[in-house]
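Survey of secondary and tertiary structure
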Amino acid sequence: MSTYRIAVLPGDGIGQEVVAEAVRVLRAVGKAAGASFEFEEALVGGGAIDATGQPLPAPTLALCRSSHAILFGSVGGPKWDHLPQEQRAERGLLALRKELDLYANLRPATCFPMLVDASPLKRSVVEGTDIMVIRELTGGLYFGEPRGRAPLAGGGERGVNTMVYTTPEIERVARVGFEVARKRKKRLTSVDKANVLTVSQLWREVVTKIGKEYPDVTLDHVLVDNCAMALVQKPTQFDTIVTENTFGDILSDEAAILAGSMGMLPSASLGVAGAGGVPVGLYEPVHGTAPDIAGKGIANPIAAILSAAMLLRYSLSMGREADRVEAAVRRVLEQGHRTRDIAAAGERIVGTKDMGELIVRDVERG
Ligand code: IPM
Ligand code: MG
């Protein structure tokens, strides 16, 4: 029986509630598959700041490094918003991405047929949406130097961040884009702002060059402002999107609306392949800590549960078990169970734990 060590970092707010359900689903699927999962929980984000003064304590990082995969919730909240940039709760996540070199962030935005009416957009627009956004995760504005604030002679300050990419950074994420597109509809859209930004001109050239290695994949380039519009105008024209860090952050939130709710969107952040060719992976729902509903037991755990499915697929090579979890989510939705965020008027609403339980029971039935 194979044993896998999974680092569990629920973080803050609803992260705690939704990750607990994802762990239950993993336990159920592990049992059914005859695999044993060892879950070890660690502090990150605001909770870690309160307990240790650090958003990413050294023991947490060490645990992540020695695990097969990381299941992450969300970090941040009003309690820590006043802290300086480098000490904020979000730093816990950003430092983890950087330390583990998790450069490729896969964010699928799928419109489930039974949730078409959960989106505020028209049925005719969202129906059939199935997009994979690949967001570069360790470069660009988020980490570029110089960065910081400095006083101005005449009063006031100067704030600066730098959007910077090197050829190798673009090459490696472009390859992920082409590889993923190859397994989907073989269409890759690279998103940039090459009509204005020098860094985007380099991005476009490098992606085009890598494209020559993938003659079977159709590549096109779209400017980010135009992409933002096209995503809500005709999302079905997109298959796989690859883009830099900040553009990907913004576009993936926008794409969440196509899936009905942020509560439905999972993600996988993959790094450089370690021994055995399996990439280190961190799996987290795209949504944040949702302080307004935290602790109420009403958050949608599906994004976290679908993130656990991605963990099975990408870090543990358990594709069949991943399919099983995704099928369970679909069936439970087909049966009409809804958390508040995806419920249409008149639909019966279940809480976080009930939704988790329904999916666990379906997984157990196989
Ligand atoms: C995301 C989040 C993070 C980001 C925050 C919490 C730092 O918005 O994962 O999209 O900006 O990357
Ligand atoms: Mg974001």
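This text goes with the structure placed above it.
Residues numbered from 1 in each chain as written. Chains lettered and ligands numbered in written order. Predicted model: local features only at pLDDT ≥ 70, side-chain atom pairs only at ≥ 80, totals over all residues. Heavy atoms only, no water.

1. Some remarks on the nonpolar core
Core analysis: the biggest nonpolar cluster contains 93 residues, and Phe37, Leu71, Leu106, Leu312, Leu333 and Ile359 have the highest contact counts within it. Two domains share this core, each providing at least three of its residues, namely domain 1 (1–111 + 261–366) and domain 2 (120–259). Setting aside chain neighbours within four positions, we find Phe37 in contact with Tyr4, Ile6, Leu26, Val29, Gly30, Leu312, Leu316 and Met318. The next biggest cluster of nonpolar side chains, apart from the first, holds 16 residues, and it includes Ala7, Leu56, Leu63 and Val75. (Core = buried A, V, L, I, M, F, W, Y, C linked by side-chain atoms within 4.5 Å. Buried < 20%, exposed > 50% of the residue type's maximum accessible area, 1.4 Å probe, protein only. Domains from an automatic or database assignment. Contact = heavy atoms within 4.5 Å.)

2. So, the pairing of strand E4 (residues 104–110)
For E4, the buried fraction is high: six of the seven residues fall into the buried class. Both E4 and strand E5 (residues 130–136) contribute to a ladder of seven bridges, which runs antiparallel. For Asn105, the partnering residue across the bridge sits in E5 and is Arg135. (Helix = DSSP H or I, 4+ residues; strand = E, 2+ residues; numbered from the N terminus. Pairing = 2+ DSSP bridges.)

3. Re the packing of aromatic side chains
Tallying each qualifying case throughout the model produces four aromatic pairs. Look at Phe37 and Phe39: their rings are 6.1 Å apart centre to centre, the planes differ by 75°, and that puts the pair in the edge-to-face class. Among the residues examined, Phe37 registers a relative accessible area of 12% and is labelled buried. Centroid distance Phe178 to Tyr214: 4.9 Å. Interplanar angle 10°. Geometry classified as stacked. (Phe/Tyr/Trp six-rings, centres within 6.5 Å; stacked < 30°, edge-to-face > 60°.)

4. As for the side chain of Ser315
Here Ser315 is to be found in the loop between helix H10 (302–314) and helix H11 (319–334). Ser315 gets classed as buried once you look at its relative accessible area, which sits at 6%. At a separation of 2.7 Å, a polar atom in the side chain of Ser315 contacts the side chain of Tyr283. (Polar contact = N/O pair within 3.5 Å; in protein donor to acceptor, adjacent residues only side chain to side chain.)

5. Some thoughts on the pattern of salt bridges
Following the criterion strictly, the structure yields 28 salt bridges and no others. Taking the shortest distance from any N to any O, the salt bridge between Arg91 and Glu86 comes out at 3.8 Å. For Glu86, a relative accessible area of 48% gives the class partly exposed. Salt-bridge contacts for Glu347 lead to Arg338; the nearest nitrogen and oxygen are separated by 3.5 Å. Residue Glu347 is classed as partly exposed on the basis of its relative accessible area of 30%. Taking relative accessible area as the criterion, Arg338 reaches 4% and is therefore assigned buried. Through salt bridges with shared partners, a single ionic network connects Glu21, Arg24, Glu357 and Arg361. (Salt bridge = Lys/Arg side-chain N within 4 Å of Asp/Glu carboxyl O.)

Don't take any of this as a statement about function, it's just geometry.
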